[in-house]
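# Summary of structural features
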Amino acid sequence: MAYQVANKKLREWVQEVAEMTKPGQVYWCDGSKAEYDRLMDAMVATGAAIRLEKRPNSFAFFSDPSDVARVEDRTYISYPTQEEAGPTNNWVAVDDLKKTMRELYDGCMRGRTMYVIPFSMAALTSPMAKYGIEITDSPYVVCNMHIMTRVGVDVIKALGTDGEFIPCLHSVGAPLEPGQKDALWPCAPIEQKYISHFPDENLIWSYGSGYGGNALLGKKCLALRIASAMARREGWMAEHMLILRLTSPEGKRYHIAAAFPSACGKTNLAMIMPTIKGWKAETLGDDIAWMMIGKDGRLYATNPESGFFGVAPGTSHSSNPMAMDTINENSIFTNCAVTDDGDIWWEGIDAPAPEHLIDWKRRDWERGSKELAAHPNARFTAPARQCPIISPDWEKPEGVPIDIFIFGGRRASVVPLVTESFDWDHGVYMGATAGSETTAANIGAVGNLRRDPFAMTPFCGYNMADYFSHWFEMGDKLGKNAPRIFYVNWFRKSPEGKWLWPGFGENSRVLKWMCERLEGKVQGRETPIGILPADGELDLTGLEISEDYLNELMRVDLDAWRAELPGVESFFAKFGDRLPKRLSAQLEALRKRLA
Ligand code: OXD
Ligand code: MN
């Protein structure tokens with residue numbers, strides 16, 4: 001051990017895990033650049049990583065073809081009873097799940113190094129910070145954690161002799177026998193993968209996958225699943241939301257937190273370049289918001305992460321120039337294609353495909369090939385501080401006060417471009433009934449409509465019905481300080497299947513309307529589903545959009561909305577008596593307004 005660890009519970013837990021997993025050696029991480037460089041050099045030497053000549057200190061990795069995304073079917077929220085996990089989570093009883101996983105963990109790190117990673121979610125000095133210790137046998141995970149979280153000896157110091165930490169155990173589940181050649185991306189077969197959470201103990205056990213949220217346990221496992229359960233107990237919020245600051249030409253600041261399911265352009269919105277004159281945006285977070293009520297009664301948000309783990313395909317200088325500038329250096333690319341001159345490439349990047357690439361399956365790829373060169377869920381891992389529009393306040397310990405919540409999803413029809421809720425309860429209904437057509441970020445069928453309340457379906461660490469109640473309770477506590485709530489759909493299509501709205505930087509027009517609603521500068525138009533922009537309220541200066549498209553974007557198709565009601569009703573029915581009455585009352589009120 002390169003440093004002293006005064007925390008007895010931590011020392012004992014590490015020893016207990018080492019006895020169970022039987023690694024070749026144990027290494028305590030210090031979070032230093034030297035450590036990062038050493039691990040990367042070693043991975044380049046084995047061929048697991050490729051050093052990219054064109055991007056300083058950047059590396060490409062390729063996963064096993066079976067290990068390319070979060071595995072929701074193998075993700076468990078484990079309580080003594082299934083009722084506590086609720087109908088949207090996979091559940092196995094605590095003792096049974098632990099028994100199964102202990103058998104898998106037994107000797108699973110043989111022949112490998114066991115790394116102990118002390119990390120903080122949120123700036124160490126933030127009142128919202130939570131400390132975690134991830135134990136992993138993957139050096140790739142260590143390097144990603146260096147970027148995504150604050151790793152270092154400072155966390156060990158902050159823990160002192162008896163500070164609380166969240167134990168996060170991870171193994172790729174591929175022990176090495178003496179003399180056995182390691183795989184370039186070791187992992188276990190799908191039926192042995194387990195991403196397990198024990199919220200009563202603030203405990204995470206992950207086995208068998210090395211990819212993203214399955215393995216970088218600070219992100220979805222800690223900062224959402226475990227944190228959401230803690231937040232409910234402690235009266236705060238852990239949400240799957242980006243955080244953005246918008247400044248008006250008059251210099252007034254608005255803070256926006258927005259929840260979208262995976263791959264709905266969340267990172268693009270987080271790094272938006274407004275196309276409307278005089279408005280400026282700053283990024284504070286692209287995926288997760290932790291929010292607490294401040295002394296002034298407002299809701300303050302902080303981004304617990306320190307990096308971006310963004311979807312690469314489709315990212316370009318036109319879709320997200322700020323992301324492109326963020327990933328010029330010190331970045332990790334996973335499942336992107338690699339060019340002959342040592343750069344990365346993916347479908348939808350600015351440059352046309354070169355004649356030859358190494359594709360994400362490490363095969364030669366020729367231009368014109370029918371196969372995708374990059375996996376649709378290929379990712380970049382990049383330090384948040386490298387984002388050119390990162391807010392100077394992104395690490396402010398107390399966070400920023402939220403004015404606006406946005407929910408949304410990917411809907412080709414039915415849902416208009418923007419709708420404001422009538423009040424908090426109606427906003428909670430909007431969040432609770434949010435739906436999206438599925439994409440490649442989650443393993444499963446692509447293109448089905450899935451109800452994804454608050455974009456939290458895969459991330460809520462307790463019964464979702466109780467989570468809805470928690471939203472109502474937070475609204476009651478916030479009272480007149482509660483953020484206003486809006487619902488957006490950037491993805492509506494014409495009957496011919498054409499996008500109606502240009503999206504990206506043009507979404508700033510919609511954000512401006514929201515800010516003007518807060519100021520009472522625009523009246524909006526009341527409809528049965530909420531408040532929409534009245535004619536002429538959306539600033540379309542300089543945008544070419546046909547009248548037909550605009551009308552279709554703003555159309556409230558009452559028949560289509562009525563046709564959605566049975567789906568919402570059966571979705572709500574899943575929660576039985578636990579569903580808050582205030583939510584069923586909202587459904588009834590909507591039914592009446594649509595009648
Ligand atoms: C993500 C996700 O990776 O939500 O952020 O899937
Ligand atoms: Mn996400």
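See the structure shown above.
In this report, we go over the structure that sits alongside the text. (Residues numbered from 1 in each chain as written. Chains lettered and ligands numbered in written order. Predicted model: local features only at pLDDT ≥ 70, side-chain atom pairs only at ≥ 80, totals over all residues. Heavy atoms only, no water.)

### Observations concerning the sheet that holds strand S15 (residues 289-293)
Let me state the cut-off plainly: Between any two strands, at least two bridges found by DSSP are needed for them to pair. Helix and strand assignments follow DSSP, with helices taken as H or I runs no shorter than four residues and strands as E runs no shorter than two, numbered in order from the N terminus. What makes two residues a contact is simply this: any of their non-hydrogen atoms within 4.5 Å. Where helices are involved, their axes are fitted lines through C-alpha atoms of the stretch in contact, as for all axes, and angles between N-to-C directions lie from 0 to 180°.
Here we have 4 strands laid out as an open sheet, ordered S11-S15-S16-S24, and antiparallel in their pairing. Bordering the open sheet on either side are strand S11 (237-239) and strand S24 (400-401), each of which pairs with just one other strand. In the sheet, strand S16 (residues 299-302) pairs with S24 via 2 bridges, with the strands oriented antiparallel. When the bridges of S24 are listed, Ala301 appears paired with Val400. Contacts from helix H8 (residues 218-234) reach S11 and S15 within the one sheet, and its direction differs from that of S11 by about 155 degrees. Here helix H12 (residues 464-478) sits on the sheet and contacts S11, S15 and S16; the angle it forms with S11, its principal contact strand, is near 125 degrees.

### Here's the deal with a negative patch on the surface
Stated formally: Put simply, a patch holds well-exposed residues, over 30% relative accessible area, that have no salt bridge, with like charges counted together within 9 Å and Val, Leu, Ile, Met, Phe, Trp or Tyr side chains within 5 Å. The Shrake-Rupley method, run with a 1.4 Å probe, gives the accessible areas here. Residue values count only the displayed protein chains as cover. Whenever Lys or Arg places a side-chain nitrogen within 4 Å of a carboxyl oxygen from Asp or Glu, that contact is recorded as a salt bridge. We treat Lys and Arg as the positive residues and Asp and Glu as the negative residues; His and chain ends play no part in the count. To locate a charge, take NZ of a lysine, CZ of an arginine, CG of an aspartate or CD of a glutamate. For each residue, the accessible area found with a 1.4 Å probe, counting protein chains only, is set against the maximum for its type, and the residue is called buried under 20%, exposed over 50%, and partly exposed in between.
Together, Asp340, Glu355, Asp364 and Glu366 line one region of the surface with negative charge. Looking at the secondary structure, you find Asp364 in strand S22 (residues 364-366). Owing to a relative accessible area of 56%, Asp364 belongs among the exposed residues under this scheme.

### Concerning the pairing of strand S10 (residues 203-207)
Counting buried positions over the 5 residues of S10 gives 5, a clear majority of the element. Alternating residues of S10 divide into Leu203, Trp205 and Tyr207 and Ile204 and Ser206, and every residue in both groups is buried. With 4 bridges joining them, strand S8 (residues 166-171) and S10 adopt parallel strand pairing. Counted as the bridge partner of Ser171 is Tyr207 from S10. Note: strand S9 (residues 194-198) against S10, 5 bridges, orientation antiparallel. Looking at the pairing, His197 lines up with Ile204 of S10.

### Some thoughts on unusual backbone geometry
A positive phi angle is found at Asn57, which is not glycine, with a value near 50 degrees. Structurally, Asn57 can be placed in the loop between strand S2 (49-51) and strand S3 (59-61). A positive phi angle, close to 50 degrees, is found at Asn202, a residue other than glycine. Tracing the backbone through its elements, the reader meets Asn202 in the loop between S9 and S10. What makes Asn202 buried here is its relative accessible area of 16%.

### So, the sheet that holds strand S21 (residues 356-358)
The 4 strands are arranged S20-S19-S21-S22 in an open sheet whose pairing can be described as antiparallel. The sheet is open, and its two edges are formed by strand S20 (344-345) and S22, each paired on a single side. Pairing of S21 with S22 involves 3 bridges; the strand directions are antiparallel. By the bridge assignment for S22, His356 is matched with Glu366.

### Focus on the pattern of salt bridges
Per the stated rule, a full pass over the model turns up 45 salt bridges. A salt bridge links Glu282 to Arg245, with the shortest nitrogen-to-oxygen separation between them at 3.1 Å. Pair noted here: Glu282 is in strand S14 (residues 280-285) and Arg245 is in strand S12 (residues 241-247), with a separation of 37 residues, a long-range link. Of the two residues, Glu282 and Arg245, neither departs from the other in class, the shared state being buried.

### Structural notes on the nonpolar core
Operational definition: As used in this record, nonpolar core signifies buried Ala, Val, Leu, Ile, Met, Phe, Trp, Tyr and Cys residues forming a set joined through side-chain atoms within 4.5 Å.
Grouped together as the largest cluster of nonpolar side chains are 175 residues, with contacts concentrated most on Trp290, Trp346, Phe405, Trp471 and Met514. Top contributing element to this core by residue count: H8, with 9 residues. Once residues lying within four places of it in the same chain are set aside, the contact partners of Trp346 are Ala312, Pro313, Gly314, Thr315, Met324, Ile327, Phe333, Cys336 and Ala374. The next biggest cluster of nonpolar side chains, apart from the first, holds 35 residues, and it includes Met114, Ile156, Tyr194 and Phe198.

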